[in-house]
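Notes for the structure review
Below, each chain spelled out in residue letters.
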Amino acid sequence: MIPPLLRALIEREFKNRFLGGVLAPVWWLVQPLLQLSVYAIVFSVFLKIALPAKYGGSYLAFLAVGLWPWIAFTESVLRSAPSLVDQGALITKTALPRAWVPLAVVTTSFALHFAALAAIVFLLWALGAPLAPAALLTTLPAWLALYLAALGAAWKVSAVNVLVRDVEPMLGPILFLLTFLAPIQFALEILPETIRPHLWWNPYTWVVERFHGAYLLGETAPAWVDLALVAGGVLFALAGYAIFRRIAPHVDDFL
Amino acid sequence: MIASVNASAARPLLEVHGLAKVFPRATRSAGLRALGRLLVSGRSLGPGEGFAALEGIDFTVARGESFALVGENGAGKSTLLKLIAGVLQPSAGTIVRHGTVGALLELGAGFHADYTGRENLKLAAALQGLTGAAFEAKLPEIIAFADIGDSIDEPVKHYSSGMVVRLGFALVTALRPDLLITDEVLAVGDESFQQKCIAWIERYLADGGTLLLVSHSLYHVRKLTQRALWLDHGRMRLIGSANEVALAYQAFHEAKQARAKGLAAAQDGAPGAQSGGEPLTPYAVIELSIRAVGADGARVSGRLWSRDGRRPQVSIGIVRADGTPVYGTTSEIAGIALAADGDNHWRFALTFTDWRLLPGGYRLRAHALDPEGLRLFDTVEREFMLGGATRELGLVRLPHRWEHD
């Protein structure tokens, strides 16, 4: 089903993550765990952010299910941005379909972080945290929507970054800002009434609420919610691809 | 008859029409402007912008034919190969390929330094469409051809450049594309590996393969290809048989080297001859021509002028286009007296017979000498080209015979 060349690219992308370091084979799990610990310490110990009771009382669980998909998204976009430039030698000297380069990056990130979240969920669940492992399945449409959106963003930024290299250094701060404009480290309910509605402008708010609902509130969303999310993801991906297709065939001259 | 019908029924493997490629000039804002234009109009360059690397390229390559691109550095050869390989997009014109294309543009391009030779082969093979079981089946053959021993499981960063080349070429031997594109790959690797590559290419050609070769080695061009295109500053300068193009290109280079050495040829007549005044030297060559140039000789004739009316001597020589002397003689050596041809003018004519010159670019050189044959006054040259299909090397064919039992 997957073209063999794309599979080879994805395999290589996987291997790239795990080359070199001693911890390389477990880094995909260790790194987000460390990040999770840092956020947990900062937000629950230092900032003492209160978690509304309806989420079951485990800030760690709340943070984990909202943060992991976001890490998958941001990492995909950040790693994709320089991907065409980095693979310049490959794409200017072979007839490799260019759209596959960011595609392999995004697919690898999502595969790793999906697995990481599954591991964390089972770990927390085994430790008695109040979350529903079945949500691993019910959140699949939300994952798909996020994957498609990441793909669209990855195509866009990777192509534009070849022509205007300023994109890559700008992305980090922008994505970091967006991290605080969605209910990831805090519940929507603790925000003042005047601010709360504005968070819905951030598309990730829709996704993260789906994750919170499925894992912590035992919600089964109506089908139209998942459909709408996936439709949104498809639109993102198509828009990104449209831009990629206009730019990518002409980037050789700038690599 | 049947063969010609078959030949006309066969489509060319590669058709290139009106091909042009324009590169943007590298400025800091070029990317931003290109981005704007691509999003608005789908073109990366505005009219008149950029640097034309190729323009007006038209040719076809038939199946089973081999074709060479020659030209100086920067003439656009590699750009043309990349366009044909589908790696670059043309700015104008079309490229039609009927068959699989395998490109060896830069050996080892796309190899990742941290991966082993084996791992790199896998992705490189996948890039050329060789995957899964088919790849596994070919792998021993590839590794045997590369012949780099246990290094196949070492990271490529520990390879010498020659080993990278071996790996890259070995992969191509397994792929056997309909059209093989190679860019100077024969110039790398050690002697024995080069010979192995050439032997493989010859077998590939004998089995009906089609080759598109860029090489600075005219020997390889003549040996491996039938037709050739000479690119000069992105334009077609000459297209024809490999031999014809190689000769013209070689003559161009020899002439260029001669100019660089300061041996500039006094191409057009004696000094002052055209201006109608008297030549500046006491004796001068005022006419020189060479006709009926062929493998077995040529006819040379000309006129000399002498200021004092005494009968001058003439010296005639043949030099290679780069100035290497081949042969020279004088009327004084031969004991010939030039025929009078009106006041102060003298005629001469001679015929070279069976001169054994090998194909290439040459110059006929004539000097006027004083009647004693001691002092040399004027130098006039005429370029000429000697065609031929032989692949022998050097200036002249030395008579020889091979001994065998």
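Everything numeric in this text was worked out from a predicted model, so none of it was measured. (Residues numbered from 1 in each chain as written. Chains lettered and ligands numbered in written order. Predicted model: local features only at pLDDT ≥ 70, side-chain atom pairs only at ≥ 80, totals over all residues.)

A separate point is the interface of chain B and chain A. Across the contact, 26 residues belong to chain B and 22 residues belong to chain A. Elements with a contribution of two residues or more to the side of chain B that touches chain A: α2 (30–41) and α4 (117–127) of chain B. With 6 residues, the top contributor of residues to the side of chain B that touches chain A is α2 of chain B. For the side of chain B that touches chain A, a count of residues per class yields 15 nonpolar, 8 polar and 3 charged. (Contact = placed C-beta atoms within 7 Å. Helix = DSSP H or I, 4+ residues; strand = E, 2+ residues; numbered from the N terminus. Nonpolar A, V, L, I, M, F, W, Y, C, P; charged D, E, K, R; others polar.)

With that settled, the discussion passes to helix α2 (residues 24–46) of chain A. All names here are of chain A. Between its terminal C-alpha atoms α2 stretches 31 Å, which fits the 33 Å expected from 23 residues at 1.5 Å a residue. The largest bend in α2 amounts to roughly 30° and is located at Val30, with the proline Pro32 lying one to four residues further along. One or two residues past the end of α2 sits Lys48, with phi positive at roughly 50°. (Expected span 1.5 Å × (residues − 1). Bend = angle between axes of the 7 residues up to and from the residue.)

Remark on secondary structure: sheet strands pair via backbone hydrogen bonds, oriented parallel or antiparallel. All names here are of chain B. Reading across from one edge, β13-β12-β16-β17 is the order of the 4 strands in this open sheet, with antiparallel pairing throughout. The strands lining the two open edges of the sheet, one partner per strand, are β13 (325–330) and β17 (376–386). Strand-to-strand twist in this sheet, taken as the mean axis angle between neighbours without regard to direction, amounts to 15°. (Pairing = 2+ DSSP bridges. Axes fitted to C-alpha atoms, helices over the stretch in contact; angles between N-to-C directions.)

The subject of this paragraph is the packing of helix α1 (residues 4–17) of chain A against α4 of chain B. Packing of α1 of chain A against α4 of chain B leaves a shortest axis separation of 9 Å and a crossing angle of 150°. Here α1 of chain A is positioned roughly antiparallel relative to α4 of chain B, judged by the angle of their axes. Of the two possible hands of crossing, α1 of chain A and α4 of chain B adopt the one that is left-handed. Residues Pro4, Leu5, Ala8 and Arg12 of chain A of α1 of chain A form the contact with α4 of chain B, whose participating residues are Lys122, Leu123, Ala126 and Leu127 of chain B. Tallied by class, residues from the contact of α1 of chain A with α4 of chain B come to 6 nonpolar, no polar and 2 charged. (Parallel < 35°, antiparallel > 145°, perpendicular 65-115°, else oblique. Left-handed = near helix turned anticlockwise from the far one by under 90°.)

It is worth spelling out unusual backbone geometry at this point. All names here are of chain B. Although it is not a glycine, Asp147 adopts a positive phi angle of roughly 55°. As for its placement among the helices and strands, Asp147 is situated in the loop between α5 (132–146) and α6 (161–175). Despite not being glycine, Arg176 has its phi angle at roughly 45°, a positive value. Tracing the chain through its elements places Arg176 in the loop between α6 and β6 (179–183).

What follows covers the sheet that holds strand β10 (residues 283–294) of chain B. All names here are of chain B. Reading across from one edge, β10-β11-β15-β14 is the order of the 4 strands in this open sheet, with antiparallel pairing throughout. Each edge of the open sheet is held by one strand with a lone partner, namely β10 and β14 (339–340). One ladder, built from 9 bridges, connects β10 with strand β11 (residues 297–306); its direction is antiparallel. When the bridges of β11 are listed, Arg291 appears paired with Arg299.

This part takes up the pairing of strand β1 (residues 12–23) of chain B. Here is the key point about a regular strand: its side chains alternate between the two faces of the sheet. Residues and elements named next belong to chain B. In this sheet, strand β2 (residues 51–62) lies alongside β1 in antiparallel orientation, the contact comprising 8 bridges. Considered in β2, the bridge of Val22 is made with Ala52. Of the pairings in the sheet, the one linking β1 to strand β4 (residues 92–97) comprises 5 bridges and is antiparallel in character. Of the residues in β4, the one forming a bridge with Glu15 is Val96.

All names here are of chain B. Counting buried positions over the 8 residues of strand β12 (residues 313–320) gives 7, a clear majority of the element. With 8 bridges joining them, β12 and strand β16 (residues 360–369) adopt antiparallel strand pairing. Bridge pairing in β16 places Ile318 opposite Leu364. For β12 and β13, the ladder comprises 5 bridges, and the chain directions are antiparallel. Paired with Val319 across the bridge in β13 is Pro325. Hairpin connection of β12 to β13: 4 residues between the antiparallel strands, including Gly323 at a positive phi of 95°. (Buried ≥ 20, exposed ≤ 12 C-beta atoms within 10 Å, placed from the backbone.)

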